[in-house]
Amino acid sequence: MSDIKTLGEFIVDKQHDFPHASGELSSLLGSIKLAAKIVNREINKAGLVDITGAIGSENVQGEQQQKLDVYANEKFKAALQARDQVCGVASEEEDEAVSFDSEHSRNAKYVVLMDPLDGSSNIDVNVSVGTIFSIYRRISPVGTLATEEDFLQPGHRQIAAGYIIYGSSTMLVYTTGNGVHGFTYDPSLGVFCLSHENMTIPDDGRIYSINEGNYIRFPNGVKRYIKYCQENVPEDNRPYTSRYIGSLVSDFHRNLLKGGIYLYPSTASHPKGKLRLLYECNPMAFLIEQAGGKASDGCQRILDIEPSELHQRVPFFVGSTSMVNKVEEFLETYPDND
Ligand code: AHG
Ligand code: MN
Ligand code: MN
């Protein structure tokens, strides 16, 4: 029993690394932890109670909202509002950023951007889904309502980021810029226990994850890279293996542990890619860099992109550094007009 370390204990220990830490960020992570437990409980009941399927509405991006998208959004928003450390949230499921309007919230230092339920179309078929979060210090003055500029910050300014994977076991993985740490949920104790301290991604891997159904619409460089992955070059461990769950959190988590690359390039139907910069790509990019990997839009570092819109999309290549470098090389060598 004595060698179990809970997420709460770990956060308090780590706080000592930041001499001026006031405990607010710890409390904020506590809110995320609580909402994760509530969402986890609900997800585990999928199939037993009426929570699967679409709710009949669309989000601002024209995507069908699932019942659990809306449920997770409400639970995370409520948990973040309750403890007064957050002055506003932006979410995949909200058209506009939400500024919390209470005296305590106006005095809060942080904003949170989130994808409350990632991979939600997988929920009806009992496949892993996730939650992604990204935390920034606000830019607007404390004491006022959060403004748009608080949410439109480049990813390199993130204070913390992480995800929860609701899988065969539920895990919370996060970084505050001092490595990546993973905690597995023990449902009998109701706590997240440290299981993966200082996670690192192998520099090279042999898993590639992409929706190959879109092949015909991919940029030339990506088509060539896929062919490269499939070539028979045993001394280079090729052909690689293809794994695609269709839930970014799950694909990312597997590749983080085993080494690999996840690709969501631009396609003819999604010329800017599909994944959203602020609450999908930036948090994953912060995590992967902290784990020794790389995240790129094909030619530049994801964390250096200056955002212009809340729901902005971006092509996304993330994973083992050597593999992301190779894709960049292919995109440069085989441009679309050759
Ligand atoms: P969300 O459920 O939050 O809208 O995200 C779905 C994303 C991501 O999780 C996944 O990797 C990708 O969409 C899958 O897209 P395709 O179905 O186009 O492959
Ligand atoms: Mn998503
Ligand atoms: Mn989502």
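The structure under discussion appears in the preceding block.
The paragraphs below set out a description of the structure included in this document. (Residues numbered from 1 in each chain as written. Chains lettered and ligands numbered in written order. Predicted model: local features only at pLDDT ≥ 70, side-chain atom pairs only at ≥ 80, totals over all residues. Heavy atoms only, no water.)

### Brief notes about the coordination of the manganese ion (ligand 3)
For the manganese ion (ligand 3), every protein donor is listed as E92 (OE), D115 (OD) and L117 (O), and the spread of their distances is 2.2 Å. Here the donor residues of the manganese ion (ligand 3) are spaced in sequence according to E-x22-D-x1-L. Exposure remark for E92: the relative accessible area of 7% places this residue in the buried category. We classify D115 as buried; its relative accessible area is 0%. (Donors = N, O, S within 2.8 Å, 3.2 Å for Na, K, Ca; no water. Buried < 20%, exposed > 50% of the residue type's maximum accessible area, 1.4 Å probe, protein only.)

### Observations regarding a nonpolar patch on the surface
Judged by side-chain polarity, V125, V127 and I245 come together as a nonpolar surface patch covering roughly 220 Å² of accessible area. Considering the arrangement of structural elements, one finds V125 in the loop between β5 (110-118) and β6 (129-137). (Patch = residues over 30% accessible without salt bridge, like charges linked within 9 Å, V, L, I, M, F, W, Y side chains within 5 Å. Areas by Shrake-Rupley, 256 points an atom, 1.4 Å probe, with all protein chains shown as cover. Salt bridge = Lys/Arg side-chain N within 4 Å of Asp/Glu carboxyl O. Helix = DSSP H or I, 4+ residues; strand = E, 2+ residues; numbered from the N terminus.)

### Here we look at the pairing of strand β3 (residues 86-91)
With respect to burial, β3 is a largely interior element, six of its six residues being buried. Taken together, the five bridges between β3 and β5 define a ladder with parallel strand orientation. If you follow G88 over to β5, its bridge partner there is V111. Relative to strand β4 (residues 98-99), β3 is paired through two bridges, and the arrangement is antiparallel. If you follow V89 over to β4, its bridge partner there is V98. If you look at the hairpin formed by β3 and β4, you'll find six residues sitting between the two strands. (Pairing = 2+ DSSP bridges.)

### Overview of the sheet that holds strand β11 (residues 207-209)
Pairing in this open sheet of five strands is mixed, and the strands run β12-β11-β13-β15-β14 from one edge to the other. The open sheet terminates on both sides in strands that have one partner only, identified here as β12 (241-242) and β14 (294-296). Note that β11 and strand β13 (residues 261-264) share two bridges and pair parallel. Note that in β13 the partner of S209 across the bridge is Y262.

### Overview of the pairing of strand β15 (residues 316-319)
Look at any regular strand and the pattern is simple: side chains alternate between the two faces of the sheet. With burial as the criterion, each face of β15 is covered, one bearing F316 and V318 and the other bearing F317 and G319. Where β13 meets β15, four bridges bridge the pair, whose relative direction is antiparallel. Residue I261 lies in a different strand from β15, and its bridge partner there is G319. Pairing of β14 with β15 involves three bridges; the strand directions are antiparallel. By the bridge assignment, S296 is partnered in β15 with F317.

### Notes on unusual backbone geometry
Note the cis peptide between R238 and P239, where omega equals 5°. The backbone of D84 shows a phi angle near 65°, a positive value even though the residue is not glycine. Position of D84 relative to the elements: it lies in the loop between α3 (67-82) and β3.

### Re the state of the cysteines
Overall, the coordinates contain zero disulfides when judged by the stated rule. Cysteine C281 shares no disulfide, and the gap to the nearest cysteine sulfur, in C299, comes to 14 Å. For C281, a relative accessible area of 0% corresponds to the buried category. (Disulfide = S-S within 2.5 Å.)

### A look at the site of ligand 1
As a matter of local geometry, ligand 1 sits amid 18 residues, with D118, N211, Y244, Y262 and Y264 nearest to it. Between ligand 1 and N211 there is a distance of 2.8 Å, counted from an oxygen atom to a side-chain nitrogen or oxygen. Between ligand 1 and Y262 there is a distance of 2.6 Å, counted from an oxygen atom to a side-chain nitrogen or oxygen. Protein burial of ligand 1: of its 470 Å² of free accessible surface, 84% is covered by the chains. Those elements giving two or more residues to the shell around ligand 1 turn out to be β5 and β13. (Near = heavy atom within 4 Å. Polar contact = N/O pair within 3.5 Å; in protein donor to acceptor, adjacent residues only side chain to side chain.)

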